[in-house]
Amino acid sequence: MNLDAADSPSPRTAIVRAVDLDVNEAQEVTLGDETKARVKLLSVDETRDTMRDAVRQARVKVELNGQSLVLTSATYHLPVKFAGVQIDCPITQGHVGNSSEGNAWGLVKDARLRLWPASASWIEPGTFVYPVRQRWFASHTQMANEPSFVDGGEDPGNKKIYYHYGLDSGGAEGMVDVIAASAGRVISSGKEILSGYDDSPVKPRYDVVYLLDDRGWYYRYSHLQTIDPAMRPGAQVTLGQKVGVLGKEGGSGGWSHLHFDITSRQPSGLWGVQEGYAFLWESYHRQYAPKIIAVARPHHFVFTGDKIVLDGSKSWSASGNIARYDWTFTDGTTASGPAVERIYAQSGEYSEILKVTDARGQVDYDFAVVLVIDKSAPDRLPPTIHAAFAPTTNIRAGDSVTFKVRSFRTTFGNETWDFGDGTDRVTVKSDGNVDEHAKDGYAVAQHRFAKPGHYLVRVERANEHGRRAIAHLHVPVEAAGAGPAHD
């Protein structure tokens, strides 16, 4: 076979192994350490919402080395150790059928499974770093087949679903460096592309950089406000080298974030997405050594009166199990436990607070976003909102922190900030996303926290019908003059 530059042999073979299976199909897989595992797909169960027929949860039952288990596909779920190997399910066929992006995963069977040796890293140490210089979950995210929502993309009228096959990390526009997750070669930068890669997965655009690593994986960095001058087609890029600055250019929908994705050859022979959430998780832990991480994602999209379950069970502690899960809801009520049921009577965008505490007293917070649509008037969509701050790490008491906010689907009213420290509220006004690329589309506020602590900052905006969009940010502040801070 004659190979072009896009498909030339790679010097490194990734530790992960992927296999695509139909229900009742089995295969023996040779793992990265040359051991073998036998895996069979027993069933696929996909739960869809009533508004868009979007897959909200996919669960697969597999037989692995003669033992059966159930895996939840993607949506912030990490690989699990079972029957002497590690395994996950990055995608199922139901996502492909009504995807707005076609078959981005290169999946032609019922499900894809990925396997690693029992003690292996998910991504090889020294070959991958976290691609944004900010705190984990510092802002909204859209990851791992999560249907889009930040810019109002979830509309009951949209029946083609943008299952977010990439990894979106929200951040403060123009204030966050984007770095190379893997060493590699620049294949395209802006609209320029290296000769010989026309048949590759690369799609040049003015705000996008593509890098190719020695595994043969293509990395896309999108919506960059600026691209670093060193990102020239053909240039060699080192691990962690600056790629550009986070922004909202291109097809961002108007919210500032890094869209990061990985494309590689899949078992089908097609180019397809290499699900990267586990790689981000593992690389962040290596670099920043967090003690505890709260996870209340993915977001939810429901009609008024419908029951949903908010789930914090994916939260993690370095010391072992989470000791407490405490929820605080927009209506002022509270609950405890990893999973709680909720019903919403009024449309709006809600941000419910999850606090997790481990046995050592370490705490962290995350926020469950619930977008609620009025069942009696599904065309009357509530506003949505995006908030971010910078810096997100090593903030000391007295430091100036920049807060940015933008609302969507309304130009009525203002955003109001409550910084959670007893100071007066601050009112600003974003443009309502009238022009998604407007340089001053986000409203900006500055704030200083006088004392150390965990601050839950809230910002909200209501439209002319009184429907509110609410966002929270968790801002950890260290004592002035303290040593290096960690998440």
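Above this text you will find the structure in question.
Computed from a predicted structure; not experimentally measured. (Residues numbered from 1 in each chain as written. Predicted model: local features only at pLDDT ≥ 70, side-chain atom pairs only at ≥ 80, totals over all residues. Heavy atoms only, no water.)

J.: How would you explain unusual backbone geometry if you had to name every residue and give the values?
T.: Cis peptide bonds are those with omega within 30 degrees of zero, and the linkage from Arg 297 to Pro 298 qualifies with 10 degrees. One can find Pro 298 in the loop between strand 23 (292-293) and strand 24 (300-303). For Tyr 76, which is not glycine, the phi dihedral falls at a positive 75 degrees. Among the structural elements, Tyr 76 can be located in the loop between strand 5 (67-72) and strand 6 (80-82). (Helix = DSSP H or I, 4+ residues; strand = E, 2+ residues; numbered from the N terminus.)

J.: Any chance you could break down the environment of Gly 32 for me, citing the residues and the numbers?
T.: One can find Gly 32 in the loop between strand 2 (26-30) and strand 3 (36-48). Separated by 85 residues in sequence, Gly 32 and Pro 117 have C-alpha atoms that sit 6.6 Å apart. If we ignore the near neighbours within four places in the chain, the residues touching Gly 32 are Ile 15, Arg 17 and Pro 117. (Contact = heavy atoms within 4.5 Å.)

J.: Give me the sheet that holds strand 8 (residues 111-117): which residues, what numbers.
T.: Taking strand neighbours across the sheet as the criterion, the 4 strands line up as 1-8-7-6 in an open arrangement whose pairing is antiparallel. The open sheet has two edge strands, strand 1 (17-21) and strand 6, and neither has a second partner. Direction aside, the axes of adjacent strands within the sheet are offset by 35 degrees on average. Relative to strand 7 (residues 85-92), strand 6 runs antiparallel, the two sharing 3 bridges. The partner of Val 80 across the bridge, within strand 7, is Ile 87. (Pairing = 2+ DSSP bridges. Axes fitted to C-alpha atoms, helices over the stretch in contact; angles between N-to-C directions.)

J.: Outline helix 2 (residues 277-288), supporting the account with residue identities and numerical values.
T.: Compared with an ideal rise of 1.5 Å per residue, which puts 12 residues at 16 Å, helix 2 spans 16 Å between its outermost C-alpha atoms and is within 8% of the ideal. Most of helix 2 sits out of view: 9 of its 12 residues are buried. Backbone geometry just downstream of helix 2 places Ala 289 in the positive-phi region, at approximately 45 degrees. (Expected span 1.5 Å × (residues − 1). Buried < 20%, exposed > 50% of the residue type's maximum accessible area, 1.4 Å probe, protein only.)

J.: Outline the packing of aromatic side chains, supporting the account with residue identities and numerical values.
T.: Using the criterion set out here, one finds 28 aromatic pairs in the structure. Seen from their ring centres, Trp 327 and Phe 329 are 6.4 Å apart, and the 10 degrees between their planes marks the pair as stacked. Overall, the relative accessible area of 1% leaves Trp 327 in the buried class. Through a chain of ring-to-ring contacts, the aromatic side chains of Tyr 76, Tyr 130, Trp 136, Phe 137, Tyr 277, Trp 281, Tyr 284, Tyr 288 and Trp 316 assemble into a single cluster. One residue, Arg 215, lies across the ring of Trp 217, its end atom 5.1 Å from the ring centre. (Phe/Tyr/Trp six-rings, centres within 6.5 Å; stacked < 30°, edge-to-face > 60°. Lys NZ or Arg CZ within 6 Å of the ring centre and 35° of its normal.)

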